[in-house]
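So you can see what is in the structure, the chains are spelled out below.
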Amino acid sequence: SVVLVDDDYVLIAVQGPVTGELSHFYPHLWNTVEMAILEYEIPLLFFTYAYDRVEIDDRCEESAGEAAAEDLVRDHPQIVAVIGPLCSSAAQGSLPVYHQNGILSISGSATIEDITSLFGMSYFNRTVLNEVQMDQLGLDEDWINDLEQVQDFYTRYDTVFEGRGAPMPDELQPLMAYTYDAVHVLMQTIEKVAVQNADGSATIERSALAEAVRHIEGFTGITGLV
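Residues numbered from 1 in each chain as written. Predicted model: local features only at pLDDT ≥ 70, side-chain atom pairs only at ≥ 80, totals over all residues. Heavy atoms only, no water.

Asks: Please provide a residue-by-residue account of the pairing of strand β5 (residues 104-107), values included.
Replies: On a regular strand, one side chain projects to one face of the sheet and the next to the other, so that they alternate. Here β5 shows no split at all, with L104 and I106 on one side and S105 and S107 on the other all buried. Strand direction decides the pairing type here: β5 and strand β6 (residues 124-126), joined by three bridges, are parallel. Opposite S107, over in β6, you have R126 as the bridge partner. (Buried < 20%, exposed > 50% of the residue type's maximum accessible area, 1.4 Å probe, protein only. Helix = DSSP H or I, 4+ residues; strand = E, 2+ residues; numbered from the N terminus. Pairing = 2+ DSSP bridges.)

This is the structure we're talking about:
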């Protein structure tokens, strides 16, 4: 469980290639999570804690993903959940560590199908279709580009983060739209499972959070019904 007291933040890890060949993608992942937090508009009940992000570098590599997950568990015991991993290769290293420690992760970009059956267990989720699903449906990742809300997201992103990495590369755009929805799924679910204690603190039970995310219903994001 994570217990929050006054002045604590809800810590979300943002996992991707901070360094390495694909490091030019990471600022867009970081920015997307920030934008999703700022634009979250679902009315809150008692839950008034602010969100903060933790940078996790997995280099989009399996071995680095395992090391990054181990570092996260050791260095940030108050972590609530992970947005990512960005890459399926890193997920192969990270997800067993997260499962062992009961830490939820939601990815909008890791599409390899077997990371769910081999590594996902009950703590890994994704807002993007996996490769097998896309093949069966005859879709590509960018099919959502025709959606008005998704195009609006791209436009807002370029406006908000002008001078901070915008515009977003075309190949990354749909994955960041799915990631934007992943953050809102997480935030809505946190607020559903958080328990207010008599002393004013709040408790977030990680296993309850993972269960609630897996059973979310009726959530509509910019990419459609999740």
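Asks: For the sheet that holds strand β3 (residues 50-57), give the residues involved together with the corresponding values.
Replies: Taken in spatial order, the five strands of this open sheet run β3-β2-β4-β5-β6, and their pairing is parallel. The sheet terminates laterally at β3 and β6, the two strands that pair on one side only. Taking each pair of neighbouring strands and ignoring which way they run, the sheet shows an average axis angle of 25°. Sheet contacts for helix α7 (residues 173-193): β2 (9-16), β3, β4 (79-83) and β5; angle to β4, the most-contacted strand, approximately 155°. (Axes fitted to C-alpha atoms, helices over the stretch in contact; angles between N-to-C directions. Contact = heavy atoms within 4.5 Å.)

Asks: Provide a residue-level description of the state of the cysteines, including the pertinent values.
Replies: Under the criterion given, the structure shown has one disulfide. Bridging C60 to C87, the disulfide has an S-S length of 1.8 Å. Taking the sign of the S-S torsion, about 55° here, the bridge from C60 to C87 comes out right-handed. Linking C60 in the loop between β3 and α2 (62-75) with C87 in the loop between β4 and α3 (88-101), this pair joins segments that are 27 residues apart in sequence. With respect to class, C60 is no different from C87; both count as buried. (Disulfide = S-S within 2.5 Å.)

Asks: Mind laying out helix α8 (residues 206-214), listing which residues take part and the relevant values?
Replies: For the α-helix, the turn length of 3.6 residues means that residues three or four positions removed from each other point alike. Every buried residue of α8 is listed here: R206, L209, A210 and V213. In an axial view of α8, the angular spread of the buried residues amounts to 95°, which keeps them on one side of the axis. Packing partners of the buried residues in α8 comprise β1 (2-4), β4, β5, β6, α7 and β8 (202-204). (Arc of directions from axis to C-beta.)

Asks: A description of the packing of aromatic side chains should follow, citing residues and the corresponding values.
Replies: Within the structure shown, the criterion is met by five aromatic pairs. Each member of the aromatic cluster is reached from another via a ring pair, and the members are F153, Y154, Y157, F161 and Y180. (Phe/Tyr/Trp six-rings, centres within 6.5 Å; stacked < 30°, edge-to-face > 60°.)

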